[in-house]
Amino acid sequence: MDALLAHIGDAAHDAELLPSVLGALEASLGQMLHFHNGRLYEEHDGVFLLRASNNGGSFTRELALDDPAVELVLRHGSYLFDTSAPGKLVPEGRAAVPVAFVVTAGPSRSGKRWLFVYDLLPAWTHEEIQLCMNAVRAALNFKLASGAMQSDLEKAAQIQQSLLPLSAPEMEGYAFAGRSQPAERVGGDLYDFIRLSDEMVGVSIGDASGHGLPAALLVRDVVTGLRMGLEDQRKIVYTIKKLNQVIHRSTFSTRFISLFYGEVERNGNLLYVNCGHPPPLLVHGDQVRQLEATGTVIGPLRDPTIYRAYAYLEPGATLVLYSDGIIERRNRRHEMYEIRGLRSFVLQHQHLSAQELVDAIFEEVFAYGHHGAWADDATVVVVKRREAAG
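An account of the accompanying structure is given in this report. These numbers come from a predicted model, not from an experiment.

### Thoughts on the overall build of the protein
Scanning the protein from N- to C-terminus turns up nine helices and 16 strands. Counting only residues that meet the buried cut, the protein has 48% of its 390 residues in that class. Across the protein, the fraction of contacts at a sequence separation of at least 24, relative to all contacts at a separation of at least 6, is 65%. For the protein, the exposed area adds up to about 19,200 Å²; of that, 51% sits on carbon and sulfur atoms.

Listed below in structure tokens is the structure:
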């Protein structure tokens, strides 16, 4: 039994998982516990259809959900018939006493279901059969639930990946780059570029509280809301306040997201709002300006106060946006990298291209944490204004 349960736990979660268990259960314990003729039914369009059998015998190919024997199995999870089963679980004309159990992928009321059915041989023991079938059923239910959850996470990760910019925008005299590293399969950081015109590009970065799937869902709402509002030529503050109202109504009060959004004009002007996000660094030569918060984080308050602010990117200037996963990464002495570490690094490496600087920051901070796993989502965006020609 231990070997069989280990087989279930280690097996790949694919289309052949259940047929392989159908055969492995009979091969390993059938002779010892006196059962054979295993068959597997898969629920499809309101009926159970025969999916696999161990010996290719003549078995009922379709079982209705209201079949009396099927109803007993579905009601109890597993059922050992002391005499021949009612209904069509055993084909007419065959004298057999069956045992059956149901496994489910996903929530018990809505998940897809499969029926395992075996015929009992003389000398079977009630307690041994029940123990065996219930143990296998429990292991399979756990395996299928884990696989369904992993599948959902994979889908969420694909959706989140699709929200990230496919490429950096182009605007004469500028270079843009960004990169995000989730701490889990899906993350709570965002960054985006919104091309508003040939003369203006919107740049955003945000960080939802926590990480994982709940944070990723909040990120999706924010990215979608920003794109819809700003591409419709709404004003910055108006768009973010409307977005805040939606998030405030639709999330728990403990959920929030920090957000920086700025509009970079070709002439160097930068109009921005910073809703509780770590201050971006505007670097030019030996000068560093931090673009501090102009409002509170989005979500907790119904009507937060949000102001616009202004900065100017001189030719040769570098704007670095980042999430707290960068500055809060710790070394073995539990010391954080902090803003001053990032300031110093950017000052020394501002000559790099936008993409090179993004990658260099990640390499630096990853090494600072001794190449260990990321404890929090980490994101970096760089905007560089090129030196004036001549």
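Back to the write-up after that little detour.
### Considering the packing of helix H8 (residues 338–349) against helix H9 (residues 354–368)
Here H8 crosses H9 at 140°, and the two axes come no closer than 11 Å. Classified by the angle their axes make, H8 and H9 are oblique. When the axes of H8 and H9 are compared, the crossing they make is right-handed. Taking contact as the criterion, the partners of Leu342, Phe345, Val346 and His349 in H8 are, on H9, Leu357, Ala360, Ile361 and Glu364. Considering only residue class, the contact of H8 with H9 consists of six nonpolar, one polar and one charged.

### Considering the pairing of strand E11 (residues 269–275)
Of all the seven residues making up E11, five are buried; the element is thus mostly covered by neighbouring parts of the structure. As paired strands, strand E10 (residues 257–265) and E11 are joined by six bridges and run antiparallel to one another. Bridge pairing links tyrosine 261 to valine 273 in E11. Counted between consecutive antiparallel strands, the loop separating E10 from E11 contains three residues, among which glycine 268 sits at a positive phi close to 105°. With four bridges connecting them, E11 and strand E14 (residues 309–312) associate as antiparallel partners. Paired with leucine 271 across the strands is tyrosine 310, a residue of E14.

### What to know about unusual backbone geometry
One non-glycine residue, asparagine 37, lies in positive phi territory at about 55°. Checked against the element boundaries, asparagine 37 lands in strand E1 (residues 35–44). One non-glycine residue with positive phi stands out, namely alanine 123, at about 85°. Structurally, alanine 123 can be placed in the loop between strand E6 (112–120) and helix H4 (126–163). Here alanine 123 falls in the exposed class, since its relative accessible area comes to 58%.

### Points about the sheet that holds strand E2 (residues 47–53)
Spatially, six strands are ordered E3-E2-E1-E6-E5-E4 in an open sheet, and the strand pairing comes out antiparallel. At either end of the open sheet lies a strand with only one pairing partner, and these are strand E3 (62–64) and strand E4 (78–80). Averaged over all neighbouring strand pairs, the angle between strand axes comes to 25°, with direction disregarded. Pairing between E1 and E6: six bridges, direction antiparallel. Across the sheet, residue histidine 36 finds its bridge partner in E6, namely aspartate 119. On the sheet, helix H2 (residues 17–33) packs against E1, E2, strand E5 (97–105) and E6 and is oriented at approximately 155° with respect to E1. Together, E2, E3, E4, E5 and E6 form the strand contacts of helix H3 (residues 68–76), whose direction differs from that of E4 by roughly 125°.

### Details of the nonpolar core
Counting residues in hydrophobic clusters, the biggest one holds 27 residues, and the most contacted among them are Leu25, Phe35, Phe101, Phe116, Tyr118 and Leu140. No other element matches the seven residues that H2 contributes to this core. The contact partners of leucine 25, leaving out residues within four places of it in the chain, are Leu4, Gly30, Phe35, Phe101, Tyr118, Cys132, Met133 and Val136. Residues Ile326, Ile327, Tyr337 and Val358 belong to the second largest nonpolar core, which totals 24 residues.

### Digging into the sheet that holds E10
Two orientations exist for strands paired in a sheet by backbone hydrogen bonds: parallel and antiparallel. Strand order in the open sheet formed by five strands is E8-E9-E10-E11-E14, with antiparallel pairing between adjacent strands. Both edges of this open sheet fall to strand E8 (189–197) and E14, since each of them pairs with a single strand only. Strand-to-strand twist in this sheet, taken as the mean axis angle between neighbours without regard to direction, amounts to 20°. By the bridge criterion, nine bridges tie strand E9 (residues 200–208) to E10 in an arrangement that is antiparallel. Across the sheet, the residue bridging to glycine 206 is leucine 259, located in E10.

### A closer look at the packing of aromatic side chains
Evaluated as defined, the whole model comprises ten aromatic pairs. The rings of Tyr174, Phe176, Tyr191 and Phe193 are connected pair by pair, giving a single aromatic cluster. Positioned over the ring face of phenylalanine 362 is arginine 179, at 4.3 Å from the centre of the ring. Arginine 329 extends its terminal NZ or CZ atom over the ring of tryptophan 374, reaching a point 4.4 Å from the ring centre.

### Quick word on the environment of valine 73
Of note, valine 73 is situated in helix H3. On the accessibility criterion, valine 73 (1% relative accessible area) is buried. For the pair valine 73 and valine 99, spaced 26 residues apart in sequence, the C-alpha to C-alpha distance is 9.0 Å.

### Considering the pairing of E5
Taking burial as the measure, the nine residues of E5 include eight buried ones, the bulk of the element. Sheet analysis places E4 next to E5, joined by three bridges and oriented antiparallel. Paired with tyrosine 79 across the strands is alanine 100, a residue of E5. Direction of pairing for E5 relative to E6: antiparallel, over a ladder of nine bridges. What sits directly across from proline 98, in E6, is aspartate 119.

What counts, and at which threshold
- Residue numbering note: each chain is counted from 1, following its sequence as written.
- In keeping with the model being predicted, local features are shown solely for residues with a pLDDT of at least 70 and side-chain atom pairs are shown and tallied solely at 80 or more, while totals for entire chains, interfaces and linings include all residues.
- Processing note: side-chain calculations cover all non-hydrogen atoms of the structure and skip hydrogens and water entirely.
- Here a helix means four or more residues in a row that DSSP labels H or I, a strand means two or more in a row labelled E, and each is numbered from the N terminus.
- When accessible area is computed with a 1.4 Å probe and restricted to protein chains, residues below 20% of their type maximum are described as buried, those above 50% as exposed, and intermediate ones as partly exposed.
- Whether two residues are in contact is decided by their heavy atoms, any of which lying within 4.5 Å being enough.
- Accessibility throughout is a Shrake-Rupley quantity obtained with a 1.4 Å probe, and a residue counts as covered only by protein chains that appear here.
- Where helices are involved, their axes are fitted lines through C-alpha atoms of the stretch in contact, as for all axes, and angles between N-to-C directions lie from 0 to 180°.
- For classification purposes, an angle smaller than 35 degrees is called roughly parallel, one larger than 145 roughly antiparallel, one from 65 to 115 roughly perpendicular, and anything else oblique.
- Should the near helix be turned anticlockwise from the far one by less than a right angle, the crossing is termed left-handed; should it be turned clockwise, right-handed.
- Residue type decides the class: Asp, Glu, Lys and Arg count as charged, Ala, Val, Leu, Ile, Met, Phe, Trp, Tyr, Cys and Pro as nonpolar, and the leftover types, Gly among them, as polar.
- Strands are treated as partners if at least two bridges between them are detected by DSSP.
- Among buried residues, the Ala, Val, Leu, Ile, Met, Phe, Trp, Tyr and Cys ones that are joined through side-chain atoms within 4.5 Å form a nonpolar core.
- Ring geometry is summarised as follows: Phe, Tyr and Trp rings, the Trp one being its six-membered ring, pair when their centres sit within 6.5 Å, and such pairs are stacked at plane angles under 30 degrees, edge-to-face over 60 and tilted between the two.
- Put simply, a charge is over a ring when the Lys NZ or the Arg CZ is close to the ring centre, within 6 Å, and near the line of the ring normal, within 35 degrees.

It is worth stressing that arrangement in space is one thing and function is another; only the former is reported here.
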